[in-house]
Amino acid sequence: MSRRYDVCIIGGGAAGLAAAVSIDRSLKTCILEKNPIPGRKLLATGGGRCNLTNAACAGSRKTLDFFASIGLETRLEEEGRYYPYSGRASDVVKILADRADEAGRDLYLNCEVRSIQKRDGRFLIRAEEKSARGGARDAAPVSFDCGRVLLACGGKAGPQYGTTGDGYRLATSLGHSLNRVYPILTAVECGDMEDLKGIRARGKVTLKKDGVPLASETGEIQFTGDGISGICVFNLTPLIRAGEGETLQEALGRFEVCLDLAPDLTDERLEGRESSFGILTEALAERVPVEEIKDWRLPVRGVKGWRQAQCTGGGIPLSEADPVTMESRCCGGLYLAGEILDRQGPCGGYNLQNAWETALAAAEAINAAAAEK
Ligand SMILES: Cc1cc2nc3c(=O)[nH]c(=O)nc-3n(C[C@H](O)[C@H](O)[C@H](O)COP(=O)(O)OP(=O)(O)OC[C@H]3O[C@@H](n4cnc5c(N)ncnc54)[C@H](O)[C@@H]3O)c2cc1C
């Protein structure tokens, strides 16, 4: 026997929880989450502090109002970044989960959705529910029957948090297409740099393709042993992509990063210096002669994969969802929210903003559609 609901939310992450809180209480709603806890990725966001949104986002006011309405105060920090006032991502997850519970939502944990079918205007969702012990042999098939589905199961970045791209398979089975997906907001590999592992330096990073600058970012550069990391590096990775008809491997040879490790010092100030030690730390100074301190070139050998990526490039085309209601244009009654969509921003709260914004829009539309009936 299928469990019957007005609305099933697939994915108990950022978008799924925000929608669960906002869908009208009169609508019998459940959340299906494959992990044993809700909001596992949210707990890891912002280094455990959860950078909720950014003042530069047009929709940030609505997000802040939403969190204030559920009792979560926020704090503005540098570069427009908002965090929970307590500075703890776990408080964001707890308040969302508590409010969803108070709204009467049924939360099915260890419940992995395998398929969705639409029949006679309703959806049949098939899932596997694992027991708390969690072994594959303990999994039991379960099914849900509902009038509307919100697909909020994220992208492919950070599979260790439960996001393994299932949403793409579910959406395409209901008629959607998929723009090629690739890991973004991740570290860049530049070859062996073991001697620099753990060193941090403030600088400007410029990404070049065929020698032509594509973009620059300034901030803390972290040397990882086989490349560079840090927010300023992450933000350049969406641009490291293969062109038409070439593989990423073929494209990589065309990219390089140029580091200015003394962005505040003019060439005149550096004139006559014999070593970069005294500006740079010793290990870095041994690698970077003073003539190269403002333009140290490193080849791009690769970008770190899904496990290290903070976001997914590509996804379900935005054009396939109504921008106001987030209802699918391919399948009526299906709504899409969060990272499953092909819409990404840089580090700084932009991607969570995307999740809240699309989830709240979908919840409003679901409420309005129910009220019309
Ligand atoms: C380490 C890290 C730090 C980050 N820090 C920030 C930050 O500070 N600020 C910011 O703006 N962005 C940050 N991001 C990005 C941000 O977390 C995501 O963009 C955002 O969580 C996406 O929300 P979502 O609801 O679409 O997906 P998620 O929050 O990933 O939730 C999707 C949920 O769906 C579940 N699921 C998947 N498949 C199924 C299935 N078949 N059945 C049932 N459940 C399923 C998953 O287990 C998961 O819980 C960070 C990402 C990472 C990895």
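Residue numbers here run from 1 along each chain, matching the order of that chain's written sequence. With pLDDT at 70 or above as the cut-off, local features in this predicted model cover only qualifying residues; side-chain atom pairs require 80 or more to be listed or tallied, and sums for whole chains, interfaces and linings still use all residues.

Enquirer: Looking at this model, I keep getting lost on helix α5 (residues 166–173). Mind explaining?
Expert: In an α-helix, one full turn covers 3.6 residues, which means residues spaced three or four apart are oriented alike. Exposure is read from a count of other C-beta atoms within 10 Å of each residue's own; the residue is exposed at 12 or fewer, buried at 20 or more and partly exposed in between. C-beta atoms are placed from the backbone. Helix and strand definitions here come from DSSP, where helices need a minimum of 4 consecutive H or I residues and strands a minimum of 2 consecutive E residues; each element is numbered from the N-terminal end. Burial in α5 covers these residues: Asp 166, Gly 167, Tyr 168, Leu 170 and Ala 171. A pair of residues counts as a contact when their C-beta atoms, built from backbone coordinates, are separated by no more than 7 Å. At its buried positions, α5 is contacted by β7 (111–119), β9 (140–151) and β19 (334–336). Phi turns positive one or two residues past the end of α5, at Gly 175, with a value near 105°.

Enquirer: Mind showing me how you'd approach the packing of helix α1 (residues 14–22) against helix α4 (residues 89–102) here?
Expert: Geometry of a packed helix pair, given as the angle between the helix axes and the separation of the axes. With axes taken as lines fitted to C-alpha atoms, and helix axes fitted only over the stretch in contact, angles between N-to-C directions fall between 0 and 180 degrees. Two elements in contact, α1 and α4, have axes separated by 8 Å at closest approach and are oriented at 40°. Along this stretch, α1 crosses α4, giving a crossing that reads as left-handed. Touching Leu 17, Ala 18, Ala 20 and Val 21 of α1 are Leu 96, Ala 97, Arg 99 and Ala 100, all from α4. Less than a right angle of anticlockwise turn of the near helix away from the far helix marks a crossing as left-handed, whereas a clockwise turn marks it as right-handed.

Enquirer: Sorry, what's going on with the domain arrangement of the protein chain here?
Expert: Where the parts come together, the accessible area they lose is often given as the size of the interface. Note: domain ranges come from an automatic or database domain assignment. Under the domain assignment used here, the protein chain contains domain 1 (3–183 + 307–372) and domain 2 (188–304). The gap between the C-alpha centroids of domain 1 and domain 2 is 36 Å. Listed as interface residues are 9 residues of domain 1 and, on the opposing side, 7 residues of domain 2. Under the scheme applied here, ten amino acids are nonpolar (Ala, Val, Leu, Ile, Met, Phe, Trp, Tyr, Cys and Pro), four are charged (Asp, Glu, Lys and Arg), and all others, including Gly, are polar. Within the side of domain 1 that touches domain 2, the residues separate by chemical class into 5 nonpolar, 4 polar and no charged.

Enquirer: Which parts of the structure should I look at to understand the site of the ligand?
Expert: By definition, a residue lies near a molecule or strand when the C-beta atom built from its backbone is within 6 Å of it. Taken together, 39 residues form the shell around the ligand, and within it Gly 11, Gly 13, Gly 154, Gly 162 and Gly 338 come nearest. Mapped by element, the contributors of at least two residues to the shell around the ligand are α1, α2 (40–44), β7 and α10 (350–372). Split into classes, the residues belonging to the shell around the ligand amount to 16 nonpolar, 16 polar and 7 charged.

Enquirer: Even after reading the chapter, I still don't get unusual backbone geometry, so can you show me in this structure?
Expert: Positive phi, normally seen in glycine, also occurs at Asp 120, with a value near 50°. With 5 C-beta atoms counted inside 10 Å, the residue Asp 120 sits in the exposed group. Although it is not a glycine, Leu 185 adopts a positive phi angle of roughly 55°. Within the secondary structure, Leu 185 sits in the loop between β10 (179–184) and β11 (188–189). Its 25 C-beta neighbours within 10 Å are what place Leu 185 among the buried residues.

Enquirer: What exactly am I supposed to notice about the nonpolar core here?
Expert: Within soluble globular proteins, side chains that are nonpolar tend to cluster in buried spots. Joining buried Ala, Val, Leu, Ile, Met, Phe, Trp, Tyr and Cys residues through C-beta atoms within 7 Å gives a set, and that set is a nonpolar core. If you look at the biggest cluster of nonpolar residues, it comprises 65 residues, and the most contacted ones within it are Cys 8, Ala 19, Leu 150, Leu 151, Ala 337 and Ala 359. Examining the composition of this core, we find that 9 residues originate from one element, α10, more than from any other. In contact with Ala 19, not counting residues within four places along its chain, are Ile 9, Leu 150, Ala 152, Ala 337, Ala 359, Ala 362 and Ala 363. Counting 32 residues, the second-largest nonpolar core is a separate cluster that includes Ile 184, Ala 187, Leu 196 and Val 257.

Enquirer: How do you make sense of the sheet that holds strand β17 (residues 302–303) when you look at a structure like this?
Expert: In sheet architecture, strand pairing relies on hydrogen bonds along the backbone and comes in two forms, parallel and antiparallel. At least two bridges found by DSSP between two strands is the condition for calling them paired. Pairing within the open sheet is antiparallel, and its 7 strands lie in the order β16-β15-β12-β13-β14-β11-β17. This sheet does not close on itself; its edge strands, each paired only once, are β16 (296–299) and β17.

Enquirer: In this structure, what is going on with the environment of Leu 341? I would like to understand it.
Expert: Tracing the backbone through its elements, the reader meets Leu 341 in the loop between β19 and α10. By the C-beta count within 10 Å, which is 26 here, Leu 341 ends up buried.

Enquirer: What exactly am I supposed to notice about the environment of Gln 308 here?
Expert: Turning to its location among the elements, Gln 308 is positioned in the loop between β17 and β18 (311–315). Considering only alpha carbons, one finds Gln 308 and Glu 256, 52 residues apart in sequence, at a separation of 20 Å.

Enquirer: What am I meant to see in the pairing of strand β8 (residues 122–129) here?
Expert: Regular strands place side chains that alternate from one sheet face to the opposite one. Note: β7 against β8, 8 bridges, orientation antiparallel. The residue of β8 that forms the bridge with Ile 116 is Ile 125. Connecting β7 to the next strand, β8, in antiparallel fashion are 2 residues, including Asp 120 with a positive phi near 50°. Bridge count between β8 and β9: 7 bridges; the pairing is antiparallel. Pairing of Ile 125 across the sheet is with Phe 144, part of β9.

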